[in-house]
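Coordinate analysis (summary)
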Amino acid sequence: QVQLVESGGGLVQPGGSLRLSCAASGRTFGSYTVGWFRQAPGKEREFVAVIDRSGSITRLANSVKGRFTISRDNAKNTVYLQMHSLKPEDTAVYYCAADTTYELGPNLASEYAYWGQGTQVTVSS
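Here we summarise the structure given alongside this text. (Residues numbered from 1 in each chain as written. Predicted model: local features only at pLDDT ≥ 70, side-chain atom pairs only at ≥ 80, totals over all residues. Heavy atoms only, no water.)

Summed over the entire model, instances satisfying the criterion amount to one disulfide. A disulfide bridge connects cysteine 22 with cysteine 96, and the sulfur atoms are separated by 2.1 Å. One quick way to see it: the torsion about the S-S bond of cysteine 22 and cysteine 96 is about 70 degrees, and its sign makes the bridge right-handed. Highlighted residues: cysteine 22 in strand 3 (residues 18-24) and cysteine 96 in strand 9 (residues 92-99), separated in sequence by 74 residues. Residue class for cysteine 96 comes out buried when judged on its relative accessible area of 0%. (Disulfide = S-S within 2.5 Å. Helix = DSSP H or I, 4+ residues; strand = E, 2+ residues; numbered from the N terminus. Buried < 20%, exposed > 50% of the residue type's maximum accessible area, 1.4 Å probe, protein only.)

And the structure:
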């Protein structure tokens, strides 16, 4: 099992940047693909980005391509979501999720076994 803790959220102005971190417990973090999802009030949880076990392959949602990047440091048991050019529509609670089933996780939230508690990102002037 793995426990995930997100951090780095906050209030930022449109056009600003934030870096979210997802810190994991356990000694086998490199066995997990890790995804980022977000959920805005009244909306379903949506896929944002995913990274494979080694950190060499990533996939991003079309809505964040060119603005967000996902990376990981397995030595630090941490996955990062770097967000630039933030827009009000990026406002949501951001969650990281992990699973061992896939080399590179799917876009479907229900396929991930482990979840963090979430961190709020608010983009507003």
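The side-chain alternation of strand 1 (residues 4-7) yields one buried face, formed by Leu4 and Glu6, and one unburied face, formed by Val5 and Ser7. Bridge analysis of strand 1 against strand 3 gives four bridges, and the strand direction is antiparallel. Looking across to strand 3, one finds that leucine 4 is bridged to alanine 24. (Pairing = 2+ DSSP bridges.)

This part takes up the sheet that holds strand 7 (residues 68-73). A sheet is described by the order of its strands in space; here four strands give the open sequence 1-3-8-7, paired in antiparallel fashion. Strands at the two margins of the open sheet, each flanked by one partner only, are strand 1 and strand 7. Averaged over all adjacent pairs, the angle separating strand axes in this sheet is 15 degrees, with direction ignored. (Axes fitted to C-alpha atoms, helices over the stretch in contact; angles between N-to-C directions.)

Let us now look at the environment of valine 121. Examined against the element boundaries, valine 121 turns out to sit in strand 11 (residues 119-123). Using a relative accessible area of 0% as the deciding quantity, one classes valine 121 as buried. Considering only alpha carbons, one finds valine 121 and alanine 49, 72 residues apart in sequence, at a separation of 16 Å. Excluding its chain neighbours within four sequence positions, the residues that come into contact with valine 121 are Gly9, Gly10, Leu18, Leu20, Met83, Asp90, Thr91, Ala92 and Tyr94. (Contact = heavy atoms within 4.5 Å.)

As a further point, take the side chain of arginine 38. Note on placement: arginine 38 falls in strand 4 (residues 33-39). Classification of arginine 38 by relative accessible area gives buried; the value is 6%. Within the local environment of arginine 38, its side chain forms a polar contact with the side chain of aspartate 90, the two groups lying 2.9 Å apart. At 2.9 Å, the side chain of arginine 38 and the side chain of tyrosine 94 are in polar contact. The residues contacting arginine 38, other than those within four sequence positions of it, are Glu44, Arg45, Glu46, Val48, Ser63, Val64, Phe68, Glu89, Asp90, Ala92, Val93 and Tyr94. (Polar contact = N/O pair within 3.5 Å; in protein donor to acceptor, adjacent residues only side chain to side chain.)

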